[in-house]
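Okay, here's what each chain looks like letter by letter:
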Amino acid sequence: MKLRLFAALCVALLIGHVAGRAAQRSTSSAVPRRIVSLVPATTEMLFAMGAGNRVIGVGTYDRFPPEVDRLPRLGGLLDPNIEQLIALRPELVIVYDTQADLRRQLERAGIPMWPYSTRDLADVTSTVRALGTRIGLSAEANATADGIEARLKAVQARVAGQRRPRTLLVFGREPGTLREINASGGYGFLHDLLEIAGGTDVLADVKRASVTMSTEMVLARAPEVIVELHYGEEWPASRIAEETRVWSQLSSVPAVRNKRVVLVAGDEFVVPGPRVPVAAERLAAILHPEGAR
Amino acid sequence: MTACVLAPLVGGTSISLANVFDRTRPYAENIDAQIFFVARLPRVLAAALVGSALALSGVVFQALLRNPLASPDTLGVSAGASLGAMLAITFNLDVSVFGLSAVPLASFAGSLGALAIVYGLSLVRRSGTSTMVLLLGGVTLTALLSAVMGFVQFVADFTQTFRNVRWMMGSLDVASYSPIAGALLPMALAWTGFATLPRVLDLVSVGSESAAARGVDVVRTERIALVSASLATGAAVSLAGPVAFIGIIVPHLVRLIVGADHRLVLPGSALFGATLLIACDVVARTVMAPLELPVGIVTALVGGPVFLWLLFKRR
């Protein structure tokens, strides 16, 4: 009997505790003024919707906009610095959905958070809208999202009716050789961008975001255009020419034979954020040089 | 040999031999020929080289250390090669010599570094010290290098970590002939060393005292064996990554078939190692086609159970 009473008391306390926590969270999270974003894509979104002045900390890999260079860096996906993060007294922390440890720690510290995950291109604008609603900037966020969608539609319209070259989108390989070629597969925002920019993905049937390709697979798929994304460090023109030449041993591939292997630099291709229209426009210019302005 | 001939004909895409050797079509437009000569033939050659090198090194290390569990990884040469490759990947090392890219070069340099340490250990070692010292030294070196690799992984960013992990799984898609040519030089040296070994290894594997009693220069033999096996391992790992289990199971399987005579075990292991790795690579590139499994996963999945079976069957 005593035991049962004790258990009931425990449950009551627990519920009270959780309710109190929830109440505390909902009041403190009404309109967050101090936001930490560990995700490059959401950092860019916050700046794009005019909330840049509320961002007080970013992740290791944030590069855009240039203003982020003045902000403290709090680690990345695998190594968030929880102490530094709590010390900044954020009112909202945007974390990767998969950062389970960090989420648990933030919950224990009573800091509100917003888990981020992404799958395809449509998630970019839906994330902008949801994030805007969360921080009390619905109108601005909707305008930003509408702008992104309009620009993507414009790209789509420009290439409509043109022949869609079979394209391979490579985003990594061992420098100087054709080993460990990583390419965009049949889903994900890069695949969607390629479709919008008027290309046919040669890996459309491989339903994975990333595919490690052998040279045999490149030869067999015979892409007409190979777009190789390069990001991070800057390469001089000579290095770019050298890395483009690496492909020349696959001369039966139409892209190689017709000199349509293109190396492009720019992190707008790897951040599924508000700069996706820029990426789409650049891709469209590569795939349809005749229509480019 | 049969495997060498048949393996290039099998793959994720079907090609026609008639097209491959069709002289009327220019090579630049002949997809079948390019798949054959650019994608498959180098792979099969690489598999043959790596498989035989790892198997031979396994035989030599097992005889030298008088330990059935010794393998090309035991003395840290493989770990040295892995560390070299990881450093090249993580710090975007950008050198190339004779068409060889940074990763295999750094990897081979790493294996030479580890070899130098192991060789140093063997110099310190006098007759009377047991092979246990060499063995423990190697295991310690491997652990040490693994710790450094852990640190390198820690400072690497996301894509680099991904590439490091992929490299550690092993891959034979060498994509051209120049890495193979590069690996041939150290391998030729190693094979010259191996060629002097068969008879004396029989004696050394029984015990260094009894070998010395029969007129074998034990210290010299051990050094030749050590350097040759380490060179072969370093070249193999820098070509294809650390391909698991070939170096440990092939010698045992071959001994089961031909007996303990090293005049048979050495060439037998070379042939069997080559064949096994070619076969595993065929599995790796067809079982999930068009995707390819890293060959190290296949060798470990096949090798692990076979080795366990061997261990328990002997009891």
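None of these values were measured; they are calculated from a predicted model. (Residues numbered from 1 in each chain as written. Chains lettered and ligands numbered in written order. Predicted model: local features only at pLDDT ≥ 70, side-chain atom pairs only at ≥ 80, totals over all residues. Heavy atoms only, no water.)

Explanation requested: the overall build of chain A in the structure shown.
Scanning chain A from terminus to terminus reveals 11 helices and 10 strands. Across chain A, contacts joining residues at least 24 apart in sequence account for 60% of those joining residues at least 6 apart. Element-wise, carbon and sulfur atoms account for 57% of the exposed surface of chain A, whose accessible area totals about 13500 Å². (Helix = DSSP H or I, 4+ residues; strand = E, 2+ residues; numbered from the N terminus. Contact = heavy atoms within 4.5 Å. Areas by Shrake-Rupley, 256 points an atom, 1.4 Å probe, with all protein chains shown as cover.)

Honestly, the overall build of chain B in this entry has me stumped. Any pointers?
Within chain B, the secondary structure is distributed over 14 helices and zero strands. Taken across its 315 residues, chain B has 52% of its residues classed as buried. Of the contacts formed within chain B by residues at least 6 apart in sequence, a portion of 75% connects residues at least 24 apart. As presented, chain B carries roughly 13600 Å² of accessible surface, and 71% of it is formed by carbon and sulfur atoms. (Buried < 20%, exposed > 50% of the residue type's maximum accessible area, 1.4 Å probe, protein only.)

Would you mind showing me how to read the layout of surface pockets here?
The method is simple in principle: a probe with the dimensions of a water molecule rolls over the atoms, and the space it marks as empty is what remains. For the largest pocket, the calculated volume is near 1900 Å³. Lining of the largest pocket is provided by 50 residues; of these, Phe171, Tyr231 and Val270 of chain A together with Phe158 and Thr159 of chain B occupy positions nearest its centre. Broken down by secondary-structure element, the contributors of at least two residues to the lining of the largest pocket are helix H2 (40-48), strand S5 (166-172), helix H7 (189-196) and strand S9 (225-230) of chain A together with helix H7 (158-169) of chain B. Of the residues that constitute the lining of the largest pocket, the class distribution is 24 nonpolar, 14 polar and 12 charged. Residue assignment places the lining of the largest pocket across two domains, with domain 1 (17-117) and domain 2 (157-287) of chain A each supplying three or more. (1 Å grid on protein atoms, 1.4 Å probe; cavity = no way out; pocket = protein on both sides within 12 Å on 5 of 7 lines; lining within 4 Å. Points joined across faces, edges and corners; volume = space filled by probe spheres on them. Nonpolar A, V, L, I, M, F, W, Y, C, P; charged D, E, K, R; others polar. Domains from an automatic or database assignment.)

Even after reading the chapter, I still don't get the nonpolar core, so can you show me in this structure?
Most often, soluble globular proteins have nonpolar side chains that are buried together. Judged by nonpolar contacts, the single largest core of 72 residues is most densely connected at Val50, Val60, Leu172, Phe194 and Leu277 of chain B. It is helix H3 (residues 31-64) of chain B that provides the largest number of residues to this core, a total of 15 residues. Once residues lying within four places of it in the same chain are set aside, the contact partners of Val50 of chain B are Leu172, Ala236, Leu239, Ala240 and Leu277 of chain B. Formed by 48 residues, the second largest nonpolar core is a distinct cluster that contains Val39, Leu71, Tyr116 and Val124 of chain A. (Core = buried A, V, L, I, M, F, W, Y, C linked by side-chain atoms within 4.5 Å.)

Just to check I follow, could you spell out the pairing of strand S3 (residues 92-96) of chain A for this structure?
Residues and elements named next belong to chain A. Where burial is concerned, most of S3 is hidden: four out of the five residues are buried. Where strand S1 (residues 35-37) and S3 come together, three bridges link them in parallel fashion. Bridge assignment links Ile35 to a residue of S3, and that residue is Leu92. With four bridges connecting them, S3 and strand S4 (residues 113-116) associate as parallel partners. Bridge assignment links Val93 to a residue of S4, and that residue is Met113. For the handedness criterion, the β-α-β arrangement of S3, helix H4 (residues 100-108) and S4 is classed as right-handed. (Pairing = 2+ DSSP bridges. Right-handed = clockwise from strand over helix to strand, strands pointing away.)

Can you help me understand empty space enclosed by the protein in this one?
Summed over the entire model, instances satisfying the criterion amount to five cavities of 30 Å³ or more. Lining the largest cavity are 14 residues; nearest its centre among them are Thr212 of chain A together with Arg166, Ser171, Asp173 and Glu292 of chain B.

In this structure, what is going on with the side chain of Ser214 of chain A? I would like to understand it.
As for its placement among the helices and strands, Ser214 of chain A is situated in the loop between strand S8 (210-213) and helix H8 (215-221). For Ser214 of chain A, the contacting residues outside a window of four places in its chain are Arg43, Asp173 and Glu292 of chain B.

Sorry if this is basic, but what is going on with the environment of Gln62 of chain B here?
All names here are of chain B. In this structure, Gln62 sits in helix H3. Separated by 12 residues in the primary sequence, Gln62 and Thr74 have C-alpha atoms spaced 9.7 Å apart. Residues contacting Gln62, with those up to four places away along its chain left out, are Asn67, Pro68, Ala70, Gly247, Ile248, Pro251, His252 and Arg255. A distance of 3.0 Å separates polar atoms of two side chains, one belonging to Gln62 and the other to Arg255. (Polar contact = N/O pair within 3.5 Å; in protein donor to acceptor, adjacent residues only side chain to side chain.)

Can you walk me through the confidence of the model for chain B in this structure?
Keep in mind that low pLDDT regions are not for reading the predicted coordinates in detail. Here chain B averages 81 in pLDDT, while 86% of its residues score no lower than 70. If you check the scores for this complex, the pTM reads 0.79 and the ipTM reads 0.76. (pLDDT = per-residue confidence, 0-100.)

Looking at this structure, how should I read the pattern of salt bridges?
Close approach of charged atoms lets side chains of opposite charge pair. Residues and elements named next belong to chain A. Following the criterion strictly, the structure yields 22 salt bridges over all chains and no others. Between Glu44 and Arg275 there is a salt bridge; the shortest N-O distance is 2.7 Å. With Glu44 in helix H2 and Arg275 in the loop between strand S10 (261-265) and helix H11 (276-287), the pair connects residues that are 231 residues apart, well separated along the chain. In this structure Glu44 comes out as buried when scored by relative accessible area, which is 4%. As a salt-bridge pair, Arg129 and Asp146 come within 2.5 Å of each other at their nearest N and O atoms. Here Arg129 is found in helix H5 (residues 122-134), whereas its partner Asp146 is found in helix H6 (residues 138-159), with 17 residues between them in sequence. Through salt bridges with shared partners, a single ionic network connects Glu44, Asp267, Glu268, Arg275 and Arg282. (Salt bridge = Lys/Arg side-chain N within 4 Å of Asp/Glu carboxyl O.)

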